[in-house]
Amino acid sequence: MLLALTVCGLSFGARPTAVSAQGTASIQAVAQVSTTGLSAARMNDLAFGAVAPGVPTVVDPRSSASSGLWEVHGTRNAEIAALFSLPDSLRVGAHAMPIVFGAQAGCGRDRNQQNQCAYFDPSAGWVDRIRNNPNPKNTYYIWIGGTVAPAAAQFPGIYTGTITLTVAYTGN
Amino acid sequence: MRGLRWLRDVRWWRVIAGALLLMVAAPVAWAILVAPQAIFLSDRERTGEVHLVNTGSKPEDVQIDLEYGYPATDSAGQIGIKLIEDPDSGAPSAASWVRAFPHRVVVQPGQRQVVRLLATPPAGLKDGEYWSRILVTSRGAQVAVATPDSNIHAGLNLVLRTIISLTYRKGAVHTGVTVDDFRVTEEHDSLVTWLGLTRTGNAAYLGNVHLVVQDSLDHARATWDTPIAVYFQQHRRLAFPADSFPPGRYTVHLTLDTKRSDLPQDDVLPVPAIERSAGVVLH
């Protein structure tokens, strides 16, 4: 039964392929109807851990295990757009700590290879394609980092904030 | 009947099977599957369903909202989803008169939740298409960065919002697209196609862009294919790697058609294919 379900699951997105430099070649029209969904998971939150007063702390999305990570599954080779809602500070009560997301605070790749992901500026959004493989390898991974800058007299506490990732297909 | 048709067209069992496979293959803490990727309602079928599956290992607090929006390009030719919270009165928005039930729900791990959609359009609605985006926001537990102490700790929660499209069709709908611009240029090691499209008719154009690169001997060197949705106008920049192509003259053939494999064909308005060609010299 599990095998049958597994085989069926491979039809999550069906698109024939042929020659291609990158992306997919579609030589013939596809008669098969294959309506699919979009699945996304939050794998890691973005954690700066304990930070020292007056010392900026950087989390590099390409190299740090503390990066935030989302994993997306969808129609193979489909183009997705990612938009981010980013805070400019983390807070505990009335106290705030600045946080900055630079031009390389985001990183994306269609497979789980963090050290080979492509940097991007999360404030500008990101468009790329889901991996052109059958389920469960029809993936896209997005890492996010940032820089917090605690003041020299930063009030002690657990400063938190929220990043919202919005993901959508661009083709409908 | 809509549900039966959906079952037939969408093959829900595939979605379930895919979700199960995800759960087996990659157990994660917080994950939600939203299906299908596009909802089509009409004046004959005013109800629909969105299915949520928690493929993670912890409960998902999920909120469903509707907001007017559509794919659009920016000045750099990059595509994105344009959301408009308060659209003009003349905008073809269905966001204010389509409701989702439940609006908020906790989905337990491994569970499936059906969200029902009901369209109650205003009287006297003109024939045409009306659009919304369905925003599915899922939140996990708060990030655990440390227990309170005298130190300074910092961390961020990640919230996920998945967007799918909703289309409501009233009366006679038809669509088409005109190609206003089709140019190909070389930029560094990439081949860049500029594609200007304007939708015709009273419904969104849902189709494919199919590009074939031929060398001077008419040999196909590469093909690219991407779904496209034109709601008003688009001026897209599509970049493809060309570093493996030897220098020389190439011709890029464009075909726009409406044979979408990712959408139920009954819901895609058919339009005759359009073909164009443009030349480029790679150095």
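The residue numbers shown here count from 1 along each chain, following its written sequence. All chains are assigned letters beginning at A, and all ligands numbers beginning at 1, according to the order in which they are written. Whole-chain, interface and lining totals are the exception, using all residues; otherwise, since this is a predicted model, local features are given only for residues with pLDDT of at least 70 and side-chain atom pairs are given and counted only at 80 or more.

## Quick notes on the domain arrangement of chain B
All names here are of chain B. Segmentation into domains, and thus their bounds, comes from an automatic or database assignment. Examined at the domain level, chain B breaks down into domain 1 (2-170) and domain 2 (175-282). We call two residues in contact if the C-beta atoms placed from their backbones are at most 7 Å apart. Counting residues at the interface gives 19 residues for domain 1 and 15 residues for domain 2. Only runs of H or I of at least four residues qualify as helices and only runs of E of at least two qualify as strands under DSSP, and these elements are numbered from the N terminus. It is strand β4 (residues 60-73) that provides the largest number of residues to the side of domain 1 that touches domain 2, a total of 4 residues. Among the residues making up the side of domain 1 that touches domain 2, the classes are represented as 9 nonpolar, 6 polar and 4 charged. Nonpolar residues are Ala, Val, Leu, Ile, Met, Phe, Trp, Tyr, Cys and Pro. Charged residues are Asp, Glu, Lys and Arg, and all others, Gly as well, are polar.

## Notes on the nonpolar core
Core membership is restricted to buried Ala, Val, Leu, Ile, Met, Phe, Trp, Tyr and Cys residues, and these are joined into a nonpolar core through C-beta atoms within 7 Å. Any residue with 12 or fewer other C-beta atoms within 10 Å of its own C-beta is exposed, any with 20 or more is buried, and the rest are partly exposed; the C-beta atoms used are placed from the backbone. Counting residues in each nonpolar core, the largest one holds 92 residues, and the members touching the most others are A:W70 and B:I134. The element best represented in this core is strand β10 (residues 152-170) of chain B, accounting for 9 residues. Here this core spans two domains, since at least three of its residues come from each of domain 1 (2-170) and domain 2 (175-282) of chain B. Among all residues touching B:I134, those that are not within four sequence positions of it are B:I39, B:V50, B:I64, B:L66, B:I163, B:I164 and B:L166. Judged by nonpolar contacts, the second largest core, of 9 residues, contains B:L211, B:V213, B:A222 and B:W224.

## Some remarks on the environment of B:V105
Residues and elements named next belong to chain B. Within the fold, V105 resides in strand β7 (residues 104-107). Owing to 17 C-beta atoms within 10 Å, V105 belongs among the partly exposed residues under this scheme. Separated by 43 residues in sequence, V105 and V62 place their C-alpha atoms 5.4 Å apart. Discounting chain neighbours no more than four positions away, the residues touching V105 are V62 and Q113.

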